[in-house]
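# Fold and geometry: a report
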Amino acid sequence: MTAPVIELCDVSRRYDDGPPALHDVSLTVRPGEAVAVLGPSGSGKSTLLNLVAGLDRPDTGTVTVDGVRVDGLGEAASARYRRAKIGMVFQFFNLLDDLTVADNVVLPAQLAGMARGEASRRAAELLEVLGVDRHAGAYPGRLSGGERQRVAVARALMNRPPLLLADEPTGALDTASGEDVSQLLTELNADGQTIVVVTHDLALARSCTTRTIQLVDGRITADRAADPTGPTGPTDSTAGAVAAESAR
Ligand SMILES: Nc1ncnc2c1ncn2[C@@H]1O[C@H](COP(=O)(O)OP(=O)(O)OP(=O)(O)O)[C@@H](O)[C@H]1O
Ligand SMILES: [Mg+2]
């Protein structure tokens, strides 16, 4: 069997003296899976993503991502780990408003030491594939929410991460833009991108993921493969083009 992309073993995390945000969670995600994490507000979904991203540490248990033990990393090593292994997409895009779209997308590659010319070329290609290349020179504030999220996805893919994490990526979007982002995630996964997406949006979970996990009070209460007879996203030329870019 292929090595897991994510392996959580008996992970617990408690903040202050509240109840555990995560309680003895064990989870394995394999390459090529697209996993939706569902659950009520406060159930620990973002905590789970933050632990996988190395933005937070468990109190007990281990977190291993693509062969790296993440739970013990210091700050600098954790930042290096994220640049190499993780692409992140957030509800409110988290783009830097005083950098152009192109510069936002290039930034992770520059931090990772990619040559400037190569980074610019790749950023331009990703923006084109994601259909926002005409905004490359604009500042993010001028773009619609859906366009901003496409830019955020381009930025997340810049360093060809083995794992894409998304926390409520459609949470701030209108229905049509949300469906665009959902379609985009479906296509990326069809190309082999491993994805974990936290969402309240059942349509997003249904359309773009192969597995759903339910969290309640910091515990996994259900873990199901998606219904194979349910809607599966079509793969179109965007998928092939992103795959081709990523393979370079
Ligand atoms: N930095 C923090 N300090 C203190 N408590 C926290 C912190 N982060 C999370 N918590 C608590 O941990 C629990 C789980 O929070 P988490 O953000 O993981 O929930 P969530 O499932 O992502 O919720 P939502 O759907 O509202 O985003 C909550 O009770 C929350 O208040
Ligand atoms: Mg959350």
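Residues numbered from 1 in each chain as written. Chains lettered and ligands numbered in written order. Predicted model: local features only at pLDDT ≥ 70, side-chain atom pairs only at ≥ 80, totals over all residues. Heavy atoms only, no water.

## Here's the deal with helix α2 (residues 75-85)
In an α-helix there are 3.6 residues to a turn, and that puts residues three or four apart on one side. Those residues of α2 lying buried are Ser 78, Tyr 81, Arg 82 and Lys 85. End-on view of α2: buried residues confined to an arc of 95°, all on one side of the axis. In α2, the exposed positions that point more than 90 degrees away from the buried face belong to Ala 76 and Arg 80. Those residues of α2 that are buried lie in contact with α1 (45-52), β4 (60-65), β5 (68-69), β6 (86-89) and β7 (163-167). (Buried < 20%, exposed > 50% of the residue type's maximum accessible area, 1.4 Å probe, protein only. Helix = DSSP H or I, 4+ residues; strand = E, 2+ residues; numbered from the N terminus. Arc of directions from axis to C-beta. Contact = heavy atoms within 4.5 Å.)

## Considering the sheet that holds strand β2 (residues 20-29)
Here four strands make up an open sheet; going across it, the order is β2-β1-β4-β5 and the pairing antiparallel. Every other strand in the sheet has two partners, leaving β2 and β5 as the edge strands with one partner each. (Pairing = 2+ DSSP bridges.)

## Here's the deal with the pairing of strand β8 (residues 194-198)
Taking burial as the measure, the five residues of β8 include five buried ones, the bulk of the element. Both faces of β8 are covered, namely the face carrying Thr 194, Val 196 and Val 198 and the face carrying Ile 195 and Val 197. In this structure, strand β3 (residues 34-38) lies alongside β8, joined through four bridges in parallel fashion. Looking at β8, one finds that Ala 34 is bridged to Ile 195. Summarising the sheet, β7 and β8 pair through five bridges and their orientation is parallel. Among the inter-strand pairings, Leu 163 is bridged to a residue of β8, identified as Thr 194. After leaving β7, the chain enters helix α6 (residues 175-190) and then returns to the sheet as β8, a path that is right-handed. (Right-handed = clockwise from strand over helix to strand, strands pointing away.)

As far as function goes, none of this settles anything; it's purely spatial.
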